[in-house]
Structure formats: C-alpha cells, structure tokens
Amino acid sequence: MSSIETDKQSSRSVTDRPMKEPGFLEKMYNGEGGFRIVQNRKRWFAVLIALLTICLGSILLRGFTLGIDFEGGTRISMPPTNGADETSVSRVFEDATGVAPQSTQIVGSGEARQIEVTSERLGEEQIREARSALFDEFKPTDANGEVSEAAVNDSTVSESWGSSITERMLLALGVFLLVVFLYITIRLERDMAFAAIICLLIDLTVVAGIYSLVGFEVSPATVIGLLTILSFSLYDTVVVFDKVKENTAGLFNSTRATFEEQVNLAVNQTIMRSINTTVFSAVPIIALLVVAVGIMGVGTLKDLALVQFIGVIAGTFSSIFFAAPLLVVFKNRSQKYRAHDARVRKAREAVSEPEAVSANAQGMDAQPAEESSAVVDENTAKEKGRKVSSPNAYLPGVGEDSSRSWRPGM
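This one's a predicted model, so the numbers in the text were calculated from it and none came from an experiment.

Trainee: Mind laying out helix α6 (residues 124–138), listing which residues take part and the relevant values?
Mentor: Helix length check: α6, at 15 residues, gives a terminal C-alpha distance of 21 Å against a target of 21 Å (1.5 Å per residue), a fit within 8%. Burial in α6 covers these residues: Ile127, Ala130, Leu134, Phe135 and Phe138. The buried residues of α6 all sit within an arc of 125° when viewed along its axis, so they share a single face. On its buried face, α6 sits against β2 (73–78), α5 (86–97) and β5 (153–157). In the segment just after α6, Lys139 is the residue with positive phi, at about 50°.

In structure tokens, the structure reads:
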C-alpha cells in the first residue's frame, strides 16, 4: 500500500471520528451550560421571599448590635501586663464604677495589644475611679516600658456622632441609587434600571439581616463597607443586562426564540464571569479578614472586610438568580413581548405538524422500500431547513466558526 493511500485512510478515519461533546466546565466557560435559571424563576422568588421574611423579621424584632460610635459610651484601654486579662479587667472596672461593661476584648497584636473595655457613657468622676483602680491593680507600663497611669487611656463618644453618620449614609445611599437609576435608564433600559435597583435593595436587606441574626457589631467601618459592596453588585448586574441587550437586538424580527430564552442565554453566557469576579474579589477580602483578626486583632479592618465578604456573596446571587428573572417579569407585562412569544410558539407548532405526518408515512407499507426511503430523506431535508430551535439548547458545531462562542470578557 502506497503512502498516499495510507494518508487518505488516516485522514478519512479522523474525519469519521465522532465529535466529543464538551464537558460540564467547558460548557459553562463557553456559555453553553444550559441552566434554566430564568425559566425556574418562581423557585428563586420563593427562596427570596423566605430569605427576606427572615431578615426583615430579625431586623424588626432583634434589631442591631450597635457599636459605641452609634450608641455613645465610654471606652477604656490598657496593655495586658501583670496578669491582666479580659475577665480580671472587667471585674475591676465594674467594682470601681458600679457599671457592668458592655464588652471587654483584646485588640491589636504583639506590643500593640490592648485590653479594651466598652460601657455606657460614664461621668468624669467614674472615669477617674476606673483608671485609678486599673492602675493600682495591674501597674501597666507605657510605650517606654515605665509604669505609668497614662498607660490607661479613655475616650468618650456621644451618640449624636453616630446619628450624624447614619444621616450621611442614608443621604449618600439615596444619591447613589438615583444616579444608578438614571445611568442604567440612559445606557440600557428603564426596566433594567428598576430590576437593578430592586436587586441592590435586596442585597442591603440580606446583609443587614445577617448582621442582625448573627449579632455582628455595626460600626462606621460597616457602613463604609456596605456602600462599597453596592458598586460590586451593580457591576455584576450591568454585565448581565448588557449581554441581554446584545442578545435581544432584533428580537422581534425573528421567531427563533422568546425574550425569556434570550435572557436565560445571556445569564448562562455571563455566569462564569460572575463566578470569576466573585472569587477574585473574595480572596483579598478573606486575606484582609485573616490579617485583621489573626494578626492585628478585631477592629476597623475586621468590620470593613466582614461586610464586604458577605456583600460580595449576596451580590453575586442576586445578579444571577434575581436580576434577569425580574427583568423578564417586567417585560412580560408588555403586550408587545407577549405577542412575540405567541408568534414563536406558533412557529414551533407549525414545524411539529410535518414531523407527525412523516412519522405516519413511515409506518405505511404502501410504497416500495426505495421510494419510501426517498420520501423520508426528502422530509428530513425539509425539516432541517424549517427547524426552529431554542438558543439555550446545545448544538454541536457546524461550519468554520463552530469552535467559537461567547466567553466571559468578550
């Protein structure tokens, strides 16, 4: 056998080899996961209603654990020297002032470690008695290593400062939501703007509910972090909506897919990007939590990182499972979109009728075998030309661009 014939047989065997269907992860990366997220929106809405009920119930019944910056109070700190720990310092403080401390904790690490006592707002006399009692009991040393009463520090915060922070936060939140609504309305659509704002409010409620349920302390750093996560959630939602706008361009000029199917396709095409963004956002936040808690002790960094971590997770879920389904609900109220969906269903029903006729013809023996085969081939060819398929179905590649599909970032 010549080398030319061998090469021909080799090329023929490669051509005849069946194409391997891509795996699950590859389908997700290529936007071909086929997850029926929008179609199952009632299920996600039921989960959302249950979650919001729990969060709102906790906020109304339990409230929040507010830090000293919001409630006002007195904070006294000293280095943990001569056997001083949280229990002994708390006991001495209560004996000296007659006031039970709200919290006693160690902050910082290494030489910067401090035992911090927080209580309701004390008078000047009570503060002097507490400082003297702590100094007499533990003889703390200052930064120079000398025993000094100045090593015991105190600070008093008025509750009016916390209320001022709250007012400014609400003002900043209102301006932010207004700007976001106007931007999405101009850049995309009004219905998309409504869906995005609702998702932002969902994120705020869920994060606030988790803080209320678990009892995390709310500090000014928490407020700053809460405003920060809104931008992340918004970014993820706008990415999905931008893909929806691209997929639905010329929607009414074709009966290939409904608006719901095109939106679901957009979610599948962007889901890997959302996951990647979440992972790369969460990793440095987790590192910040480790540094804040494990190295530097609890404090401002911990409060900032904690609310960001919770918000990143909540924002990802809302952008995937709630933003796009909400958009479909809004669009389905329009007669224009309902009429288009009806046209798509009618086109698919028209295609299914010849299939039934072909199936009946194959069961009859009136025609010779060759003629019957020719009829079946002709019907098959017609069906291929008239097929109307969902864009969410996986179709093996056809043509020179079959290996290309939309990927995150394209």
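Alright, that's what it looks like, and here's the rest.
Trainee: Could you give me a rundown of the sheet that holds strand β4 (residues 114–119), with the residues and numbers involved?
Mentor: Read across the sheet, four strands follow the order β3-β4-β2-β5 without closing on themselves; strand pairing throughout is antiparallel. Two strands close off the open sheet at either side, each with one partner strand: β3 (103–107) and β5. Shown here is a sheet whose adjacent strand axes are inclined to one another by a mean of 20°, direction ignored. In terms of strand pairing, β2 meets β4 through five bridges, oriented antiparallel. Pairing of Met78 across the sheet is with Ile115, part of β4. Its contacts with the sheet put α5 on β2, β3 and β4, and the angle it makes with β4 is roughly 40°. Contacts from α6 reach β2 and β5, with the element oriented near 20° to β2.

Trainee: Lay out the pattern of salt bridges with the relevant residues and their values.
Mentor: Across all of its chains, the model carries nine salt bridges by this definition. The salt bridge involving Glu116 is made with Arg75; its shortest N-O contact spans 3.5 Å. In this pair, Glu116 sits in strand β4 while Arg75 sits in strand β2, placing the two residues 41 residues apart along the sequence. The class of Glu116 is buried, set by a relative accessible area of 15%. Of the charged contacts in the structure, one is a salt bridge between Glu189 and Lys331, with a shortest N-O distance of 2.5 Å. Linking Glu189 in the loop between α7 (159–187) and α8 (190–214) with Lys331 in helix α11 (residues 300–331), this pair joins segments that are 142 residues apart in sequence. With relative accessibility at 23%, the residue Glu189 sits in the partly exposed group. For Lys331, a relative accessible area of 8% translates into the label buried. Through salt bridges with shared partners, one network takes in Glu189, Asp191 and Lys331.

Trainee: Explain the nonpolar core residue by residue, including any values.
Mentor: Ranked by internal contacts, the top residues of the largest apolar core, which has 59 residues, are Ile184, Val207, Phe241, Val244 and Phe259. Within the residue set of this core, elements represented by two or more residues are α3 (41–61), α7, α8, α9 (220–247), α10 (259–295) and α11. In terms of residue count, the dominant contributor to this core is α11 (15 residues). Beyond its immediate stretch of four places on either side in the chain, Val207 contacts Leu226, Ile229, Val307, Ile310, Gly311 and Ala314. Grouped together as the second largest cluster of nonpolar side chains are 15 residues, Val89, Phe93, Val117 and Phe138 included.

Trainee: Give a description of the packing of aromatic side chains that names residues and reports values.
Mentor: A complete count under the given rule lists six aromatic pairs for this structure. Considering the side-chain rings of Tyr211 and Phe216, the 5.3 Å spacing of their centres and the 70° angle between planes classify their relative orientation as edge-to-face. Among the residues examined, Phe216 registers a relative accessible area of 26% and is labelled partly exposed. An aromatic cluster is defined as three or more aromatic residues linked by ring pairs; in this entry it consists of Trp44, Phe317 and Phe321. If you follow Lys139 out to its NZ or CZ, it ends over the ring of Phe135, 5.5 Å from the centre.

Trainee: Describe α9, naming the residues involved and giving the relevant values.
Mentor: Between its first and last C-alpha atoms α9 spans 42 Å; for 28 residues at 1.5 Å apiece the expected length is 40 Å, and the two agree. The buried fraction of α9 amounts to 20 of the 28 residues, a majority that puts the element mostly inside the structure.

Trainee: Provide a residue-level description of the confidence of the model for the protein chain, including the pertinent values.
Mentor: Per-chain confidence: the protein chain averages 78 in pLDDT, with 74% of residues scoring 70 or above. Per-element confidence in the protein chain is highest for α3, whose mean pLDDT is 94, and lowest for helix α13 (residues 369–386), whose mean pLDDT is 45. Long-range and interchain partners of residues 365–390, a stretch whose pLDDT sits below 50, account for 20 contacts in this model, where long-range means more than four residues apart.

Trainee: How would you sum up the side chain of Asp341? Please name residues and give values.
Mentor: With respect to the element layout, Asp341 can be found in helix α12 (residues 335–362). Arg345 is the oppositely charged side chain nearest to the buried, salt-bridge-free Asp341, at an N-O distance of 5.0 Å. Beyond its immediate stretch of four places on either side in the chain, Asp341 contacts Thr258, Phe259 and Asn332.

Trainee: Please provide a residue-by-residue account of the packing of α3 against α8, values included.
Mentor: Taken N-terminus to C-terminus, the directions of α3 and α8 make an angle of 50°; their axes are 8 Å apart at the nearest point. In terms of orientation, α3 lies oblique with respect to α8. Where α3 crosses over α8, the two elements pack in a sense that is left-handed. Facing α3, whose interface residues are Leu48, Leu51, Leu52, Ile54, Cys55, Leu56, Ser58 and Ile59, α8 presents Ile202, Thr205, Val206, Ala208, Gly209, Ser212 and Leu213.

Trainee: So what's going on with unusual backbone geometry? Which residues, and what values?
Mentor: Most of the time, phi is negative for any residue but glycine, and the peptide bond is trans. With a phi angle near 50°, Lys139 is a residue other than glycine that sits in the positive phi range. Residue placement: Lys139 occurs in the loop between α6 and β5.

Trainee: How would you summarise the environment of Arg113 if you had to cite specific residues and measurements?
Mentor: With respect to the helices, strands and loops of the structure, Arg113 is situated in the loop between β3 and β4. As a C-alpha pair, Arg113 and Ser77 span 36 residues in sequence and 9.8 Å in three-dimensional space.

What counts and how
Starting from 1, residues in each chain are numbered consecutively following that chain's sequence as written. A pLDDT threshold of at least 70 governs which residues receive local features in this predicted model, and a stricter bar of 80 or more applies before side-chain atom pairs are shown or counted, although totals over entire chains, interfaces and linings include all residues. Excluding hydrogens and water, the side-chain values take into account all heavy atoms of the structure. Helix and strand assignments follow DSSP, with helices taken as H or I runs no shorter than four residues and strands as E runs no shorter than two, numbered in order from the N terminus. Between the first and last residue of a helix there are one fewer steps than residues, each counted as 1.5 Å, and that sum is the expected span. Whether a residue is buried, partly exposed or exposed follows from its accessible area with a 1.4 Å probe, protein chains only, as a fraction of its type maximum: under 20%, in between, or over 50%, in that order. Comment: arc refers to directions from the helix axis out to C-beta atoms. By definition in these notes, contact holds between two residues if any of their heavy atoms fall within 4.5 Å. One requirement defines pairing of two strands: DSSP has to find at least two bridges between them. Working convention: axes come from line fits to C-alpha atoms, limited for helices to the stretch in contact. Angles between N-to-C directions cover 0 to 180 degrees. Any carboxyl oxygen of Asp or Glu that lies within 4 Å of a side-chain nitrogen of Lys or Arg is treated as forming a salt bridge with it. Side-chain atoms within 4.5 Å are what join buried Ala, Val, Leu, Ile, Met, Phe, Trp, Tyr and Cys residues into a set we call a nonpolar core. Geometry of aromatic contacts follows a simple scheme: Phe, Tyr and Trp rings, the Trp one being its six-membered ring, pair when their centres are within 6.5 Å, and the pair is stacked under 30 degrees between planes, edge-to-face over 60, tilted otherwise. Placement of a charge over a ring requires the Lys NZ or Arg CZ to be within 6 Å of the ring centre, with the centre-to-atom vector within 35 degrees of the ring normal. Confidence of the predictor at the level of single residues is captured by pLDDT, which takes values from 0 to 100. This count recognises Lys and Arg as positive and Asp and Glu as negative, with His and chain-terminal groups excluded. Under this scheme an angle from 65 to 115 degrees is roughly perpendicular, one under 35 degrees roughly parallel, and one over 145 degrees roughly antiparallel; angles in between are oblique. Two helices cross in a left-handed way if the nearer one is turned anticlockwise from the farther one by less than a right angle. They cross in a right-handed way if the turn is clockwise.

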